[in-house]
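One-letter residues, chain by chain:
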Amino acid sequence: MTGNLQTAQPSASPGLDPVLQGVVLRRLGRLLLTLLAAAVVVFEHGFFRPPAPVWVMHMLQCLALLGYGLEIERRRRRGGDLFTTPRGRWLEIGLLVLALSGLVMSLAVAVKPYWHLIEAVSICLFLLEAWRLNVLLSRALARPGMLLPLSFALLILIGTPLLMAPRATPHIFDPALNAYIPAGEPITFSEALFTATSAVCVTGLTLRDTAHGFTSFGQAVIGSLIQLGGLGIIIFGSMLATLLGQSLSLKENVNLRDMLNDQPMHKLRGFVRFIVLTTIGIELIGAAMLYPLWDDPVGGVLTTGERVGMSLFHAVSAFCNAGFDITGHSLVGYRHAMLTHAVILPLIVLGGLGFPALENLFSVVRFKLSGRLRFRPVRPGVPVDITAGRLSLHTRIVLTATAGLYLWGVVTIGAGQLMPYLHESMQQGVTAHADRPDPLTVSTVGGILADASFMSVTSRTAGFNAIPMDELQPAGRLGVMTLMMVGGSPGSTAGGFKTTVIALLALSVIATVRQRPRAEAFGRTIADSLVRKAATIGLCYLLLVTVSTMLLCLSEPFTFQSLAFEAVSASTTTGLSLGITGDLTGFGRAVIIATMFLGRVGPLALLGAMIFSHGTDRPYRYAHEGVALG
């Protein structure tokens, strides 16, 4: 028996199956062809003077797509491979036909927009092949959970050089040099890396003004990084796989299930389909509602393209809880624009509730509107969904915690903003704004409550601000920091250690005070393992904030309040700042970059480690011994 075990052990060493290895090599070759076609798009639109004539690059692009089409035909004649479905093959053919029609129209009519079809096809094929290679790697890796941080890191490495492209930042033409030169300070590698990390991690902290420090090309790159980072690379890829009819392996289903709040495996395909439809639908509706609400900051008239760009960018940024803006002043200029708030705030809330809660709410509403009876006759062979029309425990906890945190933010921020008036009326003058000239009126109180309401919503990792941060009182700053720490809900685009974590910890405290053996909520008992996981995630976040704050205190010449605020904002991927981000040293920027990355992928990686690592159940227990607690 021992000899058999020893001889069988080497076969367990990691490595690719010969068939899988051949598929990976062929996929890598197709990926390189599509990468060449997509690189032509970047060189043409990202550089004022491309490295080669435009017609040469267009020829290379067409040859790359031709080689891709020949590879598809060769694969079809050999019977295809095990990892490409008929729907996926038809998509490839459809994209190539679209590219061919764009080529024919460009040659016949000589109109530039028709060539954009070829550029769009090149980018789509590159993303398609990148995802397919990701699928193969996820099936080959022993720990598929590592794909999440690796995918985020790869996306950051791709976004950094794109943001350093000449056309990503403003340039002006110098006749003396016969060349384009930066309009201001040229973007550095650290600034591009910081911005790419902030966008992928949907944080919103910036070293350069997104509105004026980047062109439309740079803003489009940032918006794409926000969208991909907000949904998560693996979740985004799973959406694409579902739309293509690609079957997910067991590892991918387990990994996706753990990221999407332990959804049952037989519901994953429908749930992923719900994610993509919900995301696209909400963002498009939000962009359409924002379209007529923008004003030109210099008093001019915005063009249709500018309005569309601003609407799409801010709808994506709000739903993904990123906090990036291209207004130049966040939403301070729209402080009293209630219609803009009425669109932005729902986008933030919907993006922060999480897809599991949204799916449950949608199913309940659909059940109520369908008019079907709750107790239907059971038909043979048809499974009965006993949860139809009922809010799950997860959804109830999320909604309750969201409402409670909103009230907490309104009270703390509103009270902090009202205190200067109260101190002034009591003739104490103990605050920095005690000499405020305007009196306390009903209109002033209404404005303060409106500001507090907006900041209470956006502080939970969205990162927009409607009031200047230097006007925020100390009590309001403390309230904002607590909201940033909690963040959004599981399965959402928001950061923080999540509403369910703080809710489970609070329920555990309540159960301990009431001397109950288990935490309970809404007539359900919560497992101790969930409470321990919640405590682990919360403690790890506190450790991340503590270490980040300590490193910033050792290297930066700012007050403790400003540094702690910056560390909390970075670790929870919120993006609010007290105005010190642009003045950080190189070491401080590196600390914030690492904090943003760990704050985004760290909790998911930690949760995956806790799920995939199966502890051994020992057949014995140690003797109990008490420990003093107070």
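Note that the structure is predicted; figures quoted are calculated from it, not measured.

About the cut-offs
Residues numbered from 1 in each chain as written. Predicted model: local features only at pLDDT ≥ 70, side-chain atom pairs only at ≥ 80, totals over all residues. Heavy atoms only, no water. Helix = DSSP H or I, 4+ residues; strand = E, 2+ residues; numbered from the N terminus. Contact = heavy atoms within 4.5 Å. Areas by Shrake-Rupley, 256 points an atom, 1.4 Å probe, with all protein chains shown as cover. Phe/Tyr/Trp six-rings, centres within 6.5 Å; stacked < 30°, edge-to-face > 60°. Lys NZ or Arg CZ within 6 Å of the ring centre and 35° of its normal. Expected span 1.5 Å × (residues − 1). Buried < 20%, exposed > 50% of the residue type's maximum accessible area, 1.4 Å probe, protein only. Salt bridge = Lys/Arg side-chain N within 4 Å of Asp/Glu carboxyl O. Polar contact = N/O pair within 3.5 Å; in protein donor to acceptor, adjacent residues only side chain to side chain. Core = buried A, V, L, I, M, F, W, Y, C linked by side-chain atoms within 4.5 Å. Axes fitted to C-alpha atoms, helices over the stretch in contact; angles between N-to-C directions. Parallel < 35°, antiparallel > 145°, perpendicular 65-115°, else oblique. Nonpolar A, V, L, I, M, F, W, Y, C, P; charged D, E, K, R; others polar. Pairing = 2+ DSSP bridges. pLDDT = per-residue confidence, 0-100. Left-handed = near helix turned anticlockwise from the far one by under 90°.

Student: Tell me about the overall build of the chain, residues and numbers included.
Tutor: The secondary structure content of the chain amounts to 22 helices and four strands. Nonlocal contacts in the chain, meaning residues at least 24 apart in sequence, comprise 72% of its contacts between residues at least 6 apart. When the accessible area of the chain is evaluated, it comes to approximately 31700 Å², of which 68% is carbon and sulfur surface.

Student: Provide a residue-level description of the packing of aromatic side chains, including the pertinent values.
Tutor: For the structure shown, the criterion picks out four aromatic pairs. Both rings, one in Phe-43 and one in Phe-47, keep their centres 5.4 Å apart while their planes meet at 35°; by these two values the pair is tilted. Across the ring face of Phe-214, the terminal group of Arg-208 is positioned such that the distance to the ring centre comes to 5.8 Å.

Student: Got a sec to walk through helix H20 (residues 528-555)? Specific residues and values, please.
Tutor: Across its 28 residues, H20 extends 41 Å between first and last C-alpha, which sits within 8% of the 40 Å expected from 1.5 Å per residue. Taken as a whole, H20 has its buried residues at Val-531, Ala-534, Ile-537, Gly-538, Tyr-541, Leu-544, Val-545, Ser-548, Thr-549 and Leu-552.

Student: Go over the pattern of salt bridges with me, naming the residues and quoting the values.
Tutor: Going through the model one piece at a time under the given rule, you end up with eight salt bridges. Here Arg-335 and Glu-471 are joined by a salt bridge, their closest N and O atoms 3.6 Å apart. Taken together, the residues span a long stretch of sequence, with Arg-335 in the loop between helix H13 (304-319) and helix H14 (338-353) and Glu-471 in the loop between helix H17 (442-458) and helix H18 (474-486) at a distance of 136 residues. Assessed through its relative accessible area of 29%, Glu-471 is described here as partly exposed. It is possible to trace a salt-bridge network through shared partners that takes in Arg-30, Glu-71, Arg-74 and Glu-129.

Student: I'd love a proper account of the environment of Glu-119, names of residues and values included.
Tutor: As for its placement among the helices and strands, Glu-119 is situated in helix H5 (residues 112-140). Overall, Glu-119 belongs to the buried group, its relative accessible area being 6%. A sequence separation of 20 residues divides Glu-119 from Ala-99, and the C-alpha atoms of the two residues are 8.2 Å apart. Looking at Glu-119, its side chain comes within polar contact range of the side chain of His-45, at 3.0 Å.

Student: Describe the nonpolar core, with residues and values.
Tutor: With 103 residues, the main nonpolar core has Ile-222, Ile-226, Ile-526, Phe-565, Ile-592 and Met-596 as its most contacted residues. Among all residues touching Ile-592, those that are not within four sequence positions of it are Phe-194, Leu-205, Leu-552, Glu-566, Ala-570 and Leu-584. Ala-64, Leu-65, Ile-72 and Leu-128 belong to the second largest nonpolar core, which has 13 residues in total.

Student: Give a description of the packing of helix H7 (residues 189-200) against helix H9 (residues 216-231) that names residues and reports values.
Tutor: Running from amino to carboxyl end, H7 crosses H9 at an angle of 45°, the nearest separation of the two axes being 7 Å. Considered as vectors, H7 and H9 are oriented oblique to each other. Along its contact with H7, which presents Thr-195, Ala-196, Ala-199 and Val-200, the element H9 presents Ile-222, Leu-225, Ile-226, Gly-229 and Gly-230. Classifying every residue of the contact of H7 with H9 gives six nonpolar, three polar and no charged.

Student: I'd like a description of unusual backbone geometry, backed by residues and values.
Tutor: A positive phi angle, near 55°, is found at Ser-330, a position not held by glycine. Here Ser-330 lies in the loop between H13 and H14. Among the residues examined, Ser-330 registers a relative accessible area of 6% and is labelled buried. Positive phi outside glycine occurs at Lys-498, with the angle close to 80°. Among the structural elements, Lys-498 can be located in the loop between H18 and helix H19 (499-513).

Student: Outline the pairing of strand S1 (residues 171-174), supporting the account with residue identities and numerical values.
Tutor: Looking at chain direction, S1 and strand S2 (residues 179-182) are connected through four bridges and run antiparallel. Paired with His-171 across the bridge in S2 is Pro-182. From the end of S1 to the start of S2, which pair antiparallel, there are four residues, and Asn-178 there has a positive phi angle of about 55°.

Student: So what's going on with helix H3 (residues 54-77)? Which residues, and what values?
Tutor: The terminal C-alpha atoms of H3 lie 35 Å apart, and with 24 residues this matches the ideal 34 Å at 1.5 Å per residue to within 8%. Among all positions in H3, only Met-57, His-58, Gln-61, Ala-64, Leu-65, Tyr-68, Glu-71, Ile-72 and Arg-75 are buried.

Student: Could you give an account of the confidence of the model for the chain, naming the residues involved and the relevant values?
Tutor: Model confidence for the chain is summarised by a mean pLDDT of 80, while 78% of its residues fall at 70 or above. Low confidence marks residues 237-246, where pLDDT is under 50. Its contacts with residues over four positions away, or in another chain, come to 33 contacts.

Student: Go over the packing of H20 against helix H21 (residues 560-571) with me, naming the residues and quoting the values.
Tutor: A packed helix pair is summarised by two numbers, namely the angle formed by the two axes and the spacing between the axes. At a minimum axis separation of 9 Å, H20 and H21 run at an interaxial angle of 135°. Here H20 lies oblique to H21, going by the angle between them. When the axes of H20 and H21 are compared, the crossing they make is right-handed. Of the residues in H21, those touching H20 at Tyr-541, Leu-544, Val-545, Ser-548, Thr-549, Leu-552 and Cys-553 are Phe-560, Leu-563, Ala-564, Ala-567, Val-568 and Ser-571. Of the residues that constitute the contact of H20 with H21, the class distribution is 10 nonpolar, three polar and no charged.

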